[in-house]
There are 2 protein chains.
Amino acid sequence: MRMYPGLSVVTLGVIDVSQSSQFYERLGWRRSKGASNPSVSFFGLNNIVLALFGRDDLARDSGLVSAPSPGLPDGFSGITLAQNYGSPGAIDLAFDSAIAAGGKALVEPRRADWGGYHGVFADPDGHVWELAYNPFFELSADGTLSLPA
Amino acid sequence: MRMYPGLSVVTLGVIDVSQSSQFYERLGWRRSKGASNPSVSFFGLNNIVLALFGRDDLARDSGLVSAPSPGLPDGFSGITLAQNYGSPGAIDLAFDSAIAAGGKALVEPRRADWGGYHGVFADPDGHVWELAYNPFFELSADGTLSLPA
């Protein structure tokens, strides 16, 4: 099974989740209280989910070295693009197809700390893609997520 | 007018547009021939457009210094997030609201080299947002774009 042509979540690595969340809330965007917690914010946009997560945590979860000093570059773009899938098995297959296409494995598919399952790879320019199964979010057939209020 | 809650285009800055495009085509994703040219590739995904554009060009268009040496960090994440709007006037208003919310202006709204109109700002962590009017792409009411085949 190949990767479906879609994008579920864009995650921005941030220095301070609360401060950055306030910026997006000032835009008038609504933070999902049900999905968010102090260490991660989720905003359900019209066609995609925007997530804010600590930059160092995001690097570590992506199999990259974290950048302890804010502002110091570390080869990590600070952004990850995620596709959600309906099962761990679907991720295994899609991940294999991405590696076969030339993606560089960063995290082989495995159970994730947050209770789901994911694999992470980099495209030829180092852009980070995560393939994720998240049992806590409702997933539609085209890969878009529905967050709780 | 505020920024609508949506995302039209994710643009990845790449070293070689052709090479990177081939990677995404190997995933089975279809490059829009009508919208793409040798310097930029557009892939119409289910819910969003993925664009590949030279990293240096992307930095320059975003009002940031370009990074002449691949792999050398320059404070630019290498990715931009874009919202499309139906008119230059709508961009002016949305841009003002983003700056009022605390965004940092990188490119004040103006005509763009590619024939449209855009403004660019950074969020508190330096993530780059472009607000764009593109007369060549069909725009739906929720901000999603339809590319030519």
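On a predicted model such as this, the values are computed, not experimentally measured, just so you know.

**Q** Any details on the interface of chain B and chain A? Residues and values, ideally.
**A** Taken together, the contact between chain B and chain A spans 36 residues of the former and 36 residues of the latter. Mapped onto the side of chain B that touches chain A, the elements with two or more residues apiece are β1 (9-14), α1 (17-26) and β4 (79-84) of chain B. With four residues, the top contributor of residues to the side of chain B that touches chain A is α1(B). Among the residues forming the side of chain B that touches chain A, the class breakdown is 18 nonpolar, 13 polar and five charged.

**Q** Give a description of the sheet that holds strand β4 (residues 79-84) of chain A that names residues and reports values.
**A** All names here are of chain A. Pairing is mixed across the open sheet formed by seven strands, whose spatial order is β2-β3-β1-β4-β7-β6-β5. Taken across any chain shown, the strands that pair with only one partner, and hence form the sheet edges, are β2 (40-44) and β5 (104-111). Recorded for the sheet is a direction-independent mean angle of 20° between the axes of neighbouring strands. Of the pairings in the sheet, the one linking strand β1 (residues 9-14) to β4 comprises four bridges and is antiparallel in character. Following the sheet pairing, V10 is matched in β4 by L81. In the packing of helix α3 (residues 88-100) onto the sheet, contacts are made with β5, β6 (117-122) and β7 (128-133), and the angle to β6 comes to roughly 10°.

**Q** Lay out the relation of the copies chain B and chain A with the relevant residues and their values.
**A** If you rotate chain B by 180° and push it 0.0 Å along the axis, it lands on chain A with an RMSD of 0.0 Å. Within this description, the copies of the chain are treated as partners about a two-fold rotation axis. When C-alpha positions in chain B are compared against the rotation axis, the closest is assigned to B:S77, at 2.3 Å. Comparing interface residues between copies, 100% of those in chain B also lie at the interface in chain A; the contact surface is shared.

**Q** Which residues make up the pairing of strand β3 (residues 49-54) of chain A, and what are the values?
**A** Residue and element names in this part refer to chain A. In terms of burial, β3 is largely enclosed, as five of its six residues are buried. Inspection of the sheet shows β1 paired to β3 by six bridges, in the parallel sense. Directly across from T11, in β3, lies its bridge partner A51. As paired elements, β2 and β3 share five bridges and run antiparallel to each other. Opposite F42, over in β3, you have A51 as the bridge partner. Count of turn residues in the β2/β3 antiparallel hairpin: four residues.

**Q** Describe in detail the nonpolar core, supporting the description with residues and values.
**A** A:V10, A:I48, A:V49, B:V10, B:I48 and B:V49 are the most contacted members of the largest nonpolar core, which totals 82 residues. Each residue touching A:V10, except ones within four places of it in the same chain, is listed here: A:I48, A:L50, A:I79, A:L81, B:L7, B:V10 and B:L81.

**Q** Give a detailed account of α1(B), specifying residues and quantitative values.
**A** All names here are of chain B. All buried positions along α1 are accounted for by V17, S20, S21 and Y24. With its buried residues spanning 105° around the axis, α1 presents them on a single face. Buried-residue contacts for α1 involve β1, β2 (40-44) and β3 (49-54). G28 occupies a position one or two residues after α1 and carries a positive phi of about 95°.

**Q** I'd like a rundown of the environment of A:A35, residues and numbers included.
**A** Mapped onto the elements of the fold, A:A35 is located in the loop between α1 (17-26) and β2. Spatially, the C-alpha atom of A:A35 lies 6.1 Å from that of A:P148, the residues being 113 residues apart in sequence.

Calculation rules
- Per-chain numbering applies: the sequence of each chain, read as written, is numbered from 1 onward.
- Each chain takes a letter, starting from A, and each ligand takes a number, starting from 1, following the order in which they are written.
- Where totals are concerned, whole chains, interfaces and linings use all residues; where local detail is concerned, this predicted model gives features only for residues with pLDDT of at least 70, and gives and counts side-chain atom pairs only at 80 or more.
- Placing a C-beta atom from the backbone of each residue, one calls two residues in contact when those atoms lie within 7 Å.
- Think of it this way: any DSSP run of H or I at least four residues long counts as a helix, any run of E at least two long counts as a strand, and we number them from the N terminus.
- As a working rule, the residues Ala, Val, Leu, Ile, Met, Phe, Trp, Tyr, Cys and Pro are called nonpolar, Asp, Glu, Lys and Arg charged, and the rest polar, with Gly in that last group.
- Two strands qualify as a pair provided that DSSP identifies no fewer than 2 bridges between them.
- Working convention: axes come from line fits to C-alpha atoms, limited for helices to the stretch in contact. Angles between N-to-C directions cover 0 to 180 degrees.
- To line up the copies, we fit them by least squares on C-alpha atoms, keeping just the residues with pLDDT of at least 70 in both.
- In this scheme the burial state of a residue depends on its C-beta neighbours within 10 Å: 20 or more other such atoms mean buried, 12 or fewer mean exposed, and anything in between means partly exposed; the C-beta positions come from the backbone.
- A set of buried residues qualifies as a nonpolar core if it consists of Ala, Val, Leu, Ile, Met, Phe, Trp, Tyr and Cys joined through C-beta atoms within 7 Å.
- Read the arc as the range of directions from the helix axis to the C-beta atoms.

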